Amino acid sequence: TYVIAQPCVDVMDKACIEECPVDCIYEGGRMLYIQPDECVDCGACEPVCPVEAIYYEDDLPQQWSDYTRVNAEFFTELGSPGGAAKTGPLAVDHPVVAALPPQPA
Ligand code: F3S
Ligand code: F3S
C-alpha cells in the first residue's frame, strides 16, 4: 500500500484526492489517510503531493516509519467504507497525529 506521512499534517493540499482511481484517500482533521485494503498501489497520488508526503510503504523514510500503522489504524473502527466520497471529511485523527504540535514544527 501507499502511505501518507507527517508532511501532510496541517497542510492537506488534497491534490492527491483528484488522482486516486478508487477514492481511498480519506480526510481526517489534520491530515489525510490512505485505506490500505482499498489502495490498489497505482501510485498516481505520489508525484502530485507538493510536500512529498506520500510514499510506497517500503520506501517510507525512517523517521516516518510509524505512518504505515497510523494510516491503517485510522480505519480500525471505520473499516473499509468503499470510497471517501461516501464518508466526507471525518474531522478526527489518529492519536499520534492529534498529539503533534502545529506543523511544520
Ligand atoms: Fe496531504 Fe499531499 Fe494529499 S499534503 S492531502 S498528501 S496532496
Ligand atoms: Fe489511490 Fe494512491 Fe493508492 S492514487 S490507489 S491511494 S497509490
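Cut-offs used in this document
- Residues numbered from 1 in each chain as written.
- Chains lettered and ligands numbered in written order.
- Predicted model: local features only at pLDDT ≥ 70, side-chain atom pairs only at ≥ 80, totals over all residues.
- Heavy atoms only, no water.
- Patch = residues over 30% accessible without salt bridge, like charges linked within 9 Å, V, L, I, M, F, W, Y side chains within 5 Å.
- Areas by Shrake-Rupley, 256 points an atom, 1.4 Å probe, with all protein chains shown as cover.
- Salt bridge = Lys/Arg side-chain N within 4 Å of Asp/Glu carboxyl O.
- Lys, Arg positive; Asp, Glu negative; His and termini not counted.
- Charge placed at Lys NZ, Arg CZ, Asp CG, Glu CD.
- Helix = DSSP H or I, 4+ residues; strand = E, 2+ residues; numbered from the N terminus.
- Buried < 20%, exposed > 50% of the residue type's maximum accessible area, 1.4 Å probe, protein only.
- 1 Å grid on protein atoms, 1.4 Å probe; cavity = no way out; pocket = protein on both sides within 12 Å on 5 of 7 lines; lining within 4 Å.
- Points joined across faces, edges and corners; volume = space filled by probe spheres on them.
- Nonpolar A, V, L, I, M, F, W, Y, C, P; charged D, E, K, R; others polar.
- Phe/Tyr/Trp six-rings, centres within 6.5 Å; stacked < 30°, edge-to-face > 60°.
- Core = buried A, V, L, I, M, F, W, Y, C linked by side-chain atoms within 4.5 Å.
- Contact = heavy atoms within 4.5 Å.

Next up on the list: a negative patch on the surface. A cluster of acidic residues, D41, E46, E52, E57, D58 and D59, forms a negative patch on the protein surface. Position of D41 relative to the elements: it lies in the loop between β3 (32-34) and β4 (54-56). The class for D41 is partly exposed, based on a relative accessible area of 35%.

Gaps left between atoms show up when a probe the size of a water molecule is rolled over them. Summed over all chains, the structure comprises two cavities of 30 Å³ or more. As a volume, the largest cavity reaches approximately 90 Å³. Along the walls of the largest cavity sit 13 residues, with C8, D13, K14, C16 and C49 positioned nearest its centre. By residue class, the composition of the lining of the largest cavity is eleven nonpolar, no polar and two charged. The volume enclosed by the second largest cavity comes to roughly 80 Å³. Residue composition of the lining of the second largest cavity, grouped by class: eleven nonpolar, one polar and one charged.

The relation between two aromatic rings is expressed through the spacing of the ring centres and the mutual angle of the planes. This structure, assessed with the given rule, holds five aromatic pairs. With centroids separated by 5.3 Å and ring planes inclined at 65 degrees, the aromatic side chains of Y2 and Y56 adopt a geometry described as edge-to-face. Here Y56 lies in strand β4 and Y2 lies in strand β1 (residues 2-4), a separation of 54 residues in the sequence. Assessed through its relative accessible area of 14%, Y2 is described here as buried. The class for Y56 is partly exposed, based on a relative accessible area of 27%. Ring centres of Y33 and F74 lie 3.8 Å apart, and the angle between their planes is 5 degrees; this geometry places the pair in the stacked category. Pair noted here: Y33 is in strand β3 and F74 is in the loop between α2 (67-73) and α3 (84-87), with a separation of 41 residues, a long-range link. F74 carries the same exposure label as Y33, and that label is buried. Feature note: the residues Y26, Y33, F74 and F75 constitute an aromatic cluster, connected by ring pairs.

Counting 31 residues, the largest nonpolar core has I4, I25, M31, I34, I54 and Y67 as the members making the most contacts within it. Taken together, the elements giving at least two residues each to this core come down to β1, β2 (25-27), β3, β4 and α2. The residues contacting M31, other than those within four sequence positions of it, are I4, A5, C8, V9, M12, Y26, Y67, N71, D93 and V97.

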